[in-house]
Each structure stands twice: as C-alpha cells, then as structure tokens.
Amino acid sequence: MKRVRLFGFDLDPLRMSEAVAQLLTWSAERGGKCRYVVTPNVDHTVMYRENPQLRQAYADASLVLADGAPVLVAARLLGKPIPERVPGSDLAPAMFEAVARRLAAGNAAEMRPLNVYLLGAAPGVAERAAHNIAMRWPGVNCVGTYSPPLGFERDAAENQRILDRIAAARPDVLIVGLGAPKQELWVHAHQQQIAAPVALCIGATIDFLAGVKPRAPRWMRRLGIEWCHRLATEPRRLAKRYLRDAVLFPQLVWREWRGAI
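Read on for an overview of the structure. (Residues numbered from 1 in each chain as written. Predicted model: local features only at pLDDT ≥ 70, side-chain atom pairs only at ≥ 80, totals over all residues. Heavy atoms only, no water.)

**Thoughts on the overall build of the protein chain**
This is how it is decided: In this description a helix means any DSSP run of H or I spanning at least four residues, a strand means any run of E spanning at least two, and both kinds are numbered starting from the N terminus. For this analysis, residues touch if any pair of their heavy atoms sits within 4.5 Å. Where accessible areas are quoted, they stem from the Shrake-Rupley method and a 1.4 Å probe; at the residue level, only the protein chains shown are allowed to cover. Positive charge is attributed to Lys and Arg, negative charge to Asp and Glu, and no charge count is given to His or to the chain ends. Throughout, a charge is located at the NZ atom of Lys, the CZ atom of Arg, the CG atom of Asp or the CD atom of Glu.
In terms of regular secondary structure, the protein chain is built from twelve helices and eight strands. Referenced to the eigenvectors of the C-alpha coordinate spread, the extents of the protein chain come out at roughly 50 × 45 × 35 Å. Residue pairs at least 24 apart in sequence account for 74% of intrachain contacts in the protein chain once pairs closer than 6 positions are excluded. Accessible surface, the protein chain: about 12,700 Å² in total, of which carbon and sulfur atoms supply 54%. Across the protein chain, the mean location of the 35 positive side-chain charges is 3 Å away from that of the 24 negative side-chain charges.

**Structural notes on the packing of aromatic side chains**
Note the following rule: Stacked, edge-to-face and tilted are the three classes for Phe, Tyr and Trp ring pairs, Trp counted by its six-membered ring, which pair at centre distances within 6.5 Å; planes under 30 degrees apart are stacked, over 60 edge-to-face, the rest tilted. Each residue is placed in one exposure class: buried if its accessible area under a 1.4 Å probe, protein chains only, is under 20% of its type's maximum, exposed if it is over 50%, and partly exposed if it falls in between.
Applying the stated criterion across every chain yields a total of seven aromatic pairs. For the ring pair Phe-152 and Trp-186, a centre distance of 6.4 Å and an interplane angle of 55° mean the geometry is tilted. Of this pair, Phe-152 sits in the loop between strand 6 (140-146) and helix 7 (156-169) while Trp-186 is found in helix 8 (residues 182-189), placing the two residues 34 residues apart along the sequence. An identical accessibility class is assigned to Phe-152 and Trp-186; each is buried.

**Here we look at the environment of Ser-89**
Residue position: Ser-89 is located in helix 5 (residues 88-105). Since its relative accessible area comes to 12%, Ser-89 is described here as buried.

**Examining the packing of helix 3 (residues 52-59) against helix 8**
So the rule is basically this: Note on definitions: angles span 0 to 180 degrees between N-to-C directions of axes, and those axes are lines fitted to C-alpha atoms, for helices only across the stretch in contact. What sets the label is the angle itself: under 35 degrees gives roughly parallel, over 145 gives roughly antiparallel, 65 to 115 gives roughly perpendicular, and the rest give oblique. Crossings are assigned a handedness: left-handed for a near helix turned anticlockwise from the far helix by less than a right angle, right-handed for a clockwise turn. Classes in brief: Ala, Val, Leu, Ile, Met, Phe, Trp, Tyr, Cys and Pro nonpolar; Asp, Glu, Lys and Arg charged; the others, Gly included, polar.
Interhelical geometry of helix 3 versus helix 8 gives an angle of 60° and a closest axis separation of 9 Å. The orientation of helix 3 relative to helix 8 falls into the category oblique. For helix 3 against helix 8, the interelement crossing comes out left-handed. Counted together, Gln-53, Leu-54, Gln-56 and Ala-57 of helix 3 and Glu-184, Leu-185 and His-188 of helix 8 form the full contact between these two elements. Grouping the amino acids of the contact of helix 3 with helix 8 by side-chain chemistry returns three nonpolar, three polar and one charged.

**With respect to the nonpolar core**
Rules: Only buried residues count toward a nonpolar core, which is a set of Ala, Val, Leu, Ile, Met, Phe, Trp, Tyr and Cys residues joined through side-chain atoms within 4.5 Å.
Grouped together as the largest cluster of nonpolar side chains are 44 residues, with contacts concentrated most on Leu-11, Leu-174 and Trp-186. Setting aside anything within four residues of it in sequence, one finds Leu-11 in contact with Arg-3, Val-4, Leu-6, Pro-40, Val-64, Leu-65, Ala-66, Val-71 and Ile-82. With 38 residues, the next largest nonpolar core counts Ala-94, Ala-129, Trp-137 and Ile-175 among its residues.

**Concerning the state of the cysteines**
The line we're drawing: Disulfides are defined as cysteine sulfur pairs within 2.5 Å.
A full pass over the atoms with the stated rule returns zero disulfides. Among the cysteines around Cys-34, which has no disulfide bond, Cys-201 carries the closest sulfur, lying 8.4 Å off. By relative accessible area, which is 0% here, Cys-34 ends up buried. You can call Cys-201 buried: its relative accessible area is 0%.

**Some words on the sheet that holds strand 4 (residues 63-64)**
Working definition: the strands of a sheet are paired by backbone hydrogen bonds and lie parallel or antiparallel to each other. This is how it is decided: Strands qualify as paired when DSSP identifies two bridges or more between them.
An order of 4-3-8-7-5-6 is seen for the six strands of this open sheet, with the pairing classed as parallel. Pairing within the sheet leaves two strands with one partner each, and these edge strands are strand 4 and strand 6. Across two bridges, strand 3 (residues 35-38) lies against strand 4 in parallel orientation. Its bridge partner lying in strand 4, Val-37 is registered against Leu-63. Most of the contacts of helix 5 go to strand 5 (residues 114-120), to which it runs at about 160°, and overall it touches strand 3, strand 5, strand 6, strand 7 (173-177) and strand 8 (198-201). The strands that helix 8 touches are strand 3, strand 5, strand 7 and strand 8; relative to strand 8, the one it contacts most, it runs at about 160°.

**Here we look at the environment of Met-16**
Take Met-16: it is sitting in helix 1 (residues 16-27). Separated by 38 residues in sequence, Met-16 and Leu-54 have C-alpha atoms that sit 24 Å apart. Contact partners of Met-16, with chain neighbours within four places excluded, come to Glu-84, Val-86, Pro-87, Asp-90, Leu-91 and Ala-94.

**Details of helix 8**
We count it as follows: As used here, the arc is the angular range of directions from the helix axis to the C-beta atoms.
The set of residues buried in helix 8 consists of Gln-183, Glu-184, Trp-186 and Val-187. Seen from one end, helix 8 has its buried residues packed into an arc of 165°, which puts them on one side.

**Here's the deal with the pattern of salt bridges**
Any two side chains of opposite charge can pair, given that their charged atoms come close. Threshold: One speaks of a salt bridge when a side-chain nitrogen belonging to Lys or Arg is within 4 Å of a carboxyl oxygen belonging to Asp or Glu.
Using the criterion set out here, one finds 14 salt bridges in the structure. Between Arg-15 and Glu-84 there is a salt bridge whose closest N-O contact spans 3.5 Å. Here Arg-15 is found in the loop between strand 2 (9-11) and helix 1, whereas its partner Glu-84 is found in the loop between helix 4 (69-77) and helix 5, with 69 residues between them in sequence. Arg-15 sits in the partly exposed class, given a relative accessible area of 40%. Under the relative-accessibility criterion, Glu-84 is labelled partly exposed at 26%.

On their own, these measurements won't tell you what the molecule is for.
Okay, here's the thing in structure tokens:
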C-alpha cells in the first residue's frame, strides 16, 4: 500500500488488523535486520521537526503508524486520509489477542507461540506486565524483561549487555518502552545488532500492561481524547509538553496546508 507523506515523514495507511497481520508475518522471519515500528502522535510530530536524529529513525522504520487523533484529523483536512488510528498502546495487545485467537481456534498451521521481550519501564514493572500477559493471552510467552538504568544509552558496555540479553532470549518481538524519542533513537542506532525480527517503539505500553498506569476509558479512546485522561492523571509531567504541542502542532498543520496549495 502506498505511503502517505505528511509533516515530512511517510505514514503507512493501515488499519490495526492489517498492521497486526504484517507484524506477525515479520515476527516469524529471522536472519535479516530488525524491522521496527514507530507510532507518531502530536508530540512526536513536533519533536520530528526539531530532531534530525529522530527524522533519520523515522526514515528507516519499517512501519510508521498514525497514533494521535489530531494527526488523523489533520491528514483528512489536508486531503491525505488515513483509515484509522493505530495507537502504540493498543498495538501489542492486538497482536497478543490475534495469537490467542489462533490458539483457541485450534488451527495447527497457525499455532506457533509468540515470544516477546519487554525492555523499559521502572524496575519490577516489566515483570508484572509479563505475568499479566501470561495470564491473559495463552500462546504469548514473555522470554525476558529488563529495566535499563538512567543514562544507559550513553554507556557502550550497558548497551552491549542489553543486546546480549535480547540475543540470549531470542524473542520474536521486542517491546521497547523507553519513551520518545529515546526508544526510537536507541532502536535505530542498534537495528543491525538487535536479535529480534520485530521491535515496537510504543512508549508507556509496558506500564499499561502491568496495570501501574490506568488506560483511559474505552469511550475516550474511541473519541481520540485519551490525552485528556493522561493529562488528568499526570499533570505535572505532561502539562508543559501538551501546552507546547497545542501551540506548535497547529502551526505545522498550517505550513503543511500552505505547502499543498
């Protein structure tokens, strides 16, 4: 499917089901470099304009999936419609659900388990997430977890230890929850060394899977206003960021529109 050019990067106009099918196919393929996924929302779009390293990470990503509702709305206003949001926080659970459904259906040809590795979140959180995954989704095995220390990305020895841990575990999917843009920059920098067919750069997903951060109610997610819930639950951490994005993102939309006329 032809990519959609928006805000300087190329979006893959996929529905959740299509993205999951593609990722599960890739997860069974070994021998090549790690394919990784980024999920731009408003904050990522603003950072993209300011960070040349992030721009390169996006250029080399195998899938770029629209996360934020404002990004989706902007695409439609600019005549470049995307069929639906594919939030990073929903992507891993959707993959796990697809694997569990195959197992329940008893299709022998599709009953291969999915092995995942959780990289990120605070100490102990990934272990809780792994337990919850095992309880909820039969056929999904968490083969390792690790919470890197602060500043690890600048420590060559620590980076190698992380890569060695992943290689020893041999996951099909690496779930990276280090926050943006750190997660995208780290995966891009180590793409050739990551011993997993697929890596998902999906922020707070490990926290959500562990239950240490509450997801917005489903109706808020459907309306694309999950950001309201996150701001209400973490105002000190997010207020400044959301204010900046509220000022800068409309400017990016305006520039995009002016460039199209």
